[in-house]
Amino acid sequence: KPAIDRALQFVLDSQYPSGGWPQRYPLRYEFSKRGRADYTHYPTFNDGVAWENVSFLIQCYQVLGDSRLLDAITRGMNFFLLTQQGQPNPGWALQYTTDLKPVAARTYEPLSLSTATTSENVERLLQFYRFTGDTRFLARIPEALEWLDRMRLPKKDEQGRTHPEFIELQTNRPLYVHRRGSNVVNGEYYVDYDERRTLGHYAA
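Residues numbered from 1 in each chain as written. Predicted model: local features only at pLDDT ≥ 70, side-chain atom pairs only at ≥ 80, totals over all residues. Heavy atoms only, no water.

(A) Quick look at the packing of helix α2 (residues 49-64) against helix α3 (residues 69-83). Viewed as axis vectors pointing N to C, α2 and α3 meet at an angle of 150 degrees, and their least axial separation amounts to 9 Å. The pairing of α2 with α3 is recorded here as roughly antiparallel in orientation. The handedness of the crossing between α2 and α3 comes out as left-handed. Across the interface between the two elements, Ala50, Trp51, Val54, Leu57, Ile58, Cys60 and Tyr61 from α2 touch Leu69, Leu70, Ala72, Ile73, Gly76, Met77, Phe79 and Phe80 from α3. Its residues assigned to classes, the contact of α2 with α3 comprises 14 nonpolar, one polar and no charged. (Axes fitted to C-alpha atoms, helices over the stretch in contact; angles between N-to-C directions. Helix = DSSP H or I, 4+ residues; strand = E, 2+ residues; numbered from the N terminus. Parallel < 35°, antiparallel > 145°, perpendicular 65-115°, else oblique. Left-handed = near helix turned anticlockwise from the far one by under 90°. Contact = heavy atoms within 4.5 Å. Nonpolar A, V, L, I, M, F, W, Y, C, P; charged D, E, K, R; others polar.)

As structure tokens, then:
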């Protein structure tokens, strides 16, 4: 129980008032690269951060019956609502500034919306509805699904995937990440509209 209490307090302490969580905690603002700002403090959906923390809090509430967790759970669920974008592109980004605007992160994660994150967040909203019976979590799912349909590729890619990962905010055009150079000293990532020769370590 003391170990659980420490882990639980860590999750509570690291939650932003908006309901999201940073990629890393404690906040140090020390990971900047190639002129980009530190991304580790951004509230993020990347790597399941938001969902895994909400899920953990829900499990703790169900098992421990600790009512003080309800506020953190509710804010965590609402973070999903607050960050869904408006028309004409009602999807989600991987991460957000602390005032909840989509933002780039790692050098191979451009400022964009993410079809994979949008698909996952639709599933989470359905789960939140099942937990709570609150129809707010259902209200904008149709918009997100319609947007995902519009973002579908004309044909599946070589790996059988149906959607591009990154979508440009202003235009709804697919963005593709590439790499030039041979190592960390002379190499770099870059983004364009060309679906050929994308990264091997990150889904295009």
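(B) Focus on α2. With 16 residues, α2 should reach 22 Å at 1.5 Å per residue; the first-to-last C-alpha distance of 22 Å fits that figure. Listed in full, the buried residues belonging to α2 are Val49, Ala50, Trp51, Asn53, Val54, Ser55, Leu57, Ile58 and Cys60. Those residues of α2 that are buried are in contact with α1 (2-14), α3 and α4 (115-132). Glycine 65 sits one or two positions beyond α2 and adopts a positive phi of about 65 degrees. (Expected span 1.5 Å × (residues − 1). Buried < 20%, exposed > 50% of the residue type's maximum accessible area, 1.4 Å probe, protein only.)

(C) Spotlight on the pairing of strand β3 (residues 174-180). Bridging between strand β2 (residues 166-167) and β3 involves two bridges; their strand directions are antiparallel. Residue pairing across strands places isoleucine 167 opposite proline 174, the latter belonging to β3. Connecting β2 to the next strand, β3, in antiparallel fashion are six residues, including asparagine 172 with a positive phi near 65 degrees. Here β3 runs beside strand β4 (residues 188-192); their pairing, made up of five bridges, is antiparallel. Residue histidine 178 lies in a different strand from β4, and its bridge partner there is tyrosine 190. (Pairing = 2+ DSSP bridges.)

(D) Fine view of the packing of α1 against α2. Where α1 contacts α2, the two axes come as close as 11 Å, and the packing angle between them is 135 degrees. On the basis of the axis angle, α1 is oblique to α2. Crossing of α1 against α2: the hand is left-handed. Counted together, Ile4, Ala7, Leu8, Val11 and Leu12 of α1 and Asn53, Phe56, Leu57, Cys60 and Leu64 of α2 form the full contact between these two elements. Partitioning the contact of α1 with α2 into residue classes produces nine nonpolar, one polar and no charged.

(E) The arrangement of the sheet that holds β3 in detail. Taken together, the four strands give an open sheet; going across it, the order is β1-β2-β3-β4, and neighbouring strands pair in antiparallel fashion. Strand pairing shows two members of the sheet lacking a second neighbour, β1 (113-114) and β4, which therefore form its edges.

(F) How the structure looks around the nonpolar core. Counting 34 residues, the largest nonpolar core has Leu57 and Phe128 as the members making the most contacts within it. Secondary structure elements with two or more residues in this core: α1, α2, α3, α4 and α5 (141-150). A total of seven residues in this core trace back to one element, the largest contributor, which is α2. Once you skip the residues sitting within four places of it in the chain, leucine 57 turns out to touch Leu8, Val11, Leu12, Trp21, Leu69, Ala72 and Ile73. Residues Leu94, Tyr108, Leu199 and Tyr202 belong to the second largest nonpolar core, which totals seven residues. (Core = buried A, V, L, I, M, F, W, Y, C linked by side-chain atoms within 4.5 Å.)

(G) Fine view of the pattern of salt bridges. The full count for this structure, using the stated rule, is 11 salt bridges. The shortest N-O distance in the salt bridge between aspartate 5 and lysine 1 comes to 3.0 Å. (Salt bridge = Lys/Arg side-chain N within 4 Å of Asp/Glu carboxyl O.)

(H) Quick peek at the side chain of asparagine 121. Examined against the element boundaries, asparagine 121 turns out to sit in helix α4. When near neighbours in sequence (up to four residues on either side) are disregarded, asparagine 121 contacts Phe45, Phe80 and Trp92.

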